[in-house]
Amino acid sequence: MDALVNINGDRVPTLELLLMLTVIALLPSILVMMTSFTRIVIILSFVRNALGVQQVPPSMVMVGISLFLTLFIMDPVISEINTNAYQPYTQEEISQEEALRRAEEPLKEFMLRQTELSSINMYIDLANLEPPGEEELTELPMTVIIPAFMTSELKRAFMSGFLLFLPFLLIDIVVSTTLMSMGMFMLPPATIALPFKLLLFVTVDGWQLLFHTLVQSFR
């Protein structure tokens, strides 16, 4: 069967229908790759591991926090897409192709602001494209911008995780050295260090400081 019939009696090609369903199924993953979600959830995971509390906060809470922080950070981009692309399209002022083109523009600008030029150049070379000028980067296709953006996001997330580990690692070293000097070899250092890590994190108002730094890092 080469085509299906929709509710209006028009014939819809089966291949186009399957393609549309595939895009809809992959849409959440695609949107995650184009927003601040990845950096946030990785950094929060590093914080939890650095504290040494593997199940607190639970993974569901970590994902929920990352999701709502992402919505907060992406609100200007979402508002621009709604105003310039979605609303005109629903009012039949522009075509579907024009709506998609307008929706891409703020997303590209957001991703390019967070992407290192070296990552962009690497994927431009891999795609055998002509290197554009700095003012022409928005003309690059999404197939180049998205992987370059993800590469930069992973780099920044792991660098942030390394810096977050340092103060907690220092506490582990001090506790381990103290226990060894006292001859308490049978007492796990992680058990003694955990209360000091939590005390440090609570004293500096760690969550608020972390969330503020994450939001500011995208602005």
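One can find the structure itself at the top, above this paragraph.
**Student:** Would you take a moment to explain the overall build of the protein for this structure?
**Tutor:** Looking only at helices and strands, the protein has 8 helices and 2 strands in total. Mapped in sequence order, the helices and strands of the protein form the string β-β-α-α-α-α-α-α-α-α. Here the protein holds 219 residues, and the buried ones make up 31% of them. Here the analysis covers contacts within the protein between residues at least 6 apart in sequence; of these, 68% occur between residues at least 24 apart. Carbon together with sulfur atoms contributes 67% to the accessible area of the protein, which is approximately 14200 Å² in total.

**Student:** Got a minute to help me understand helix α6 (residues 142-181) in this structure?
**Tutor:** Every α-helix carries 3.6 residues per turn, so stepping three or four residues along brings you back to the same face. The end-to-end C-alpha distance of α6 is 57 Å, a good match for the 58 Å that 40 residues give at a rise of 1.5 Å each. At L166, α6 shows its maximal kink, close to 35°; a proline, P167, follows between one and four residues later. Once α6 ends, the next one or two residues include G183, with phi positive near 80°.

**Student:** Looking at this model, I keep getting lost on the packing of aromatic side chains. Mind explaining?
**Tutor:** Any aromatic ring pair is given by two values, namely how distant the centres are and how the planes are angled relative to each other. Inspection of the entire model under this criterion finds 7 aromatic pairs. Centre to centre, the rings of F110 and F149 are 6.1 Å apart; their planes meet at 55°, and the pair counts as tilted. Residue F110 is found in helix α4 (residues 96-113), and its partner F149 is found in helix α6; the two are separated by 39 residues along the sequence. In this structure F110 comes out as buried when scored by relative accessible area, which is 2%. With centroids separated by 5.9 Å and ring planes inclined at 35°, the aromatic side chains of W207 and F211 adopt a geometry described as tilted.

**Student:** What should I look at first to understand the nonpolar core in this one?
**Tutor:** In a soluble, globular protein the nonpolar side chains are often hidden away together inside. Counting residues in hydrophobic clusters, the biggest one holds 39 residues, and the most contacted among them are I40, L107, F110, M111, I120 and L140. Going through the elements one at a time, α2 (37-51), α3 (59-90), α4, α5 (117-126), α6 and α8 (206-217) are the ones with two or more residues in this core. Top element by residues in this core is α2. It accounts for 10 residues. Sequence-distant contacts of F110, that is, excluding residues within four places in its chain, are made with M34, T35, S36, I73, M74, V77, F149 and F218.

Conventions and cut-offs
Residues numbered from 1 in each chain as written. Predicted model: local features only at pLDDT ≥ 70, side-chain atom pairs only at ≥ 80, totals over all residues. Heavy atoms only, no water. Helix = DSSP H or I, 4+ residues; strand = E, 2+ residues; numbered from the N terminus. Buried < 20%, exposed > 50% of the residue type's maximum accessible area, 1.4 Å probe, protein only. Contact = heavy atoms within 4.5 Å. Areas by Shrake-Rupley, 256 points an atom, 1.4 Å probe, with all protein chains shown as cover. Expected span 1.5 Å × (residues − 1). Bend = angle between axes of the 7 residues up to and from the residue. Phe/Tyr/Trp six-rings, centres within 6.5 Å; stacked < 30°, edge-to-face > 60°. Core = buried A, V, L, I, M, F, W, Y, C linked by side-chain atoms within 4.5 Å.

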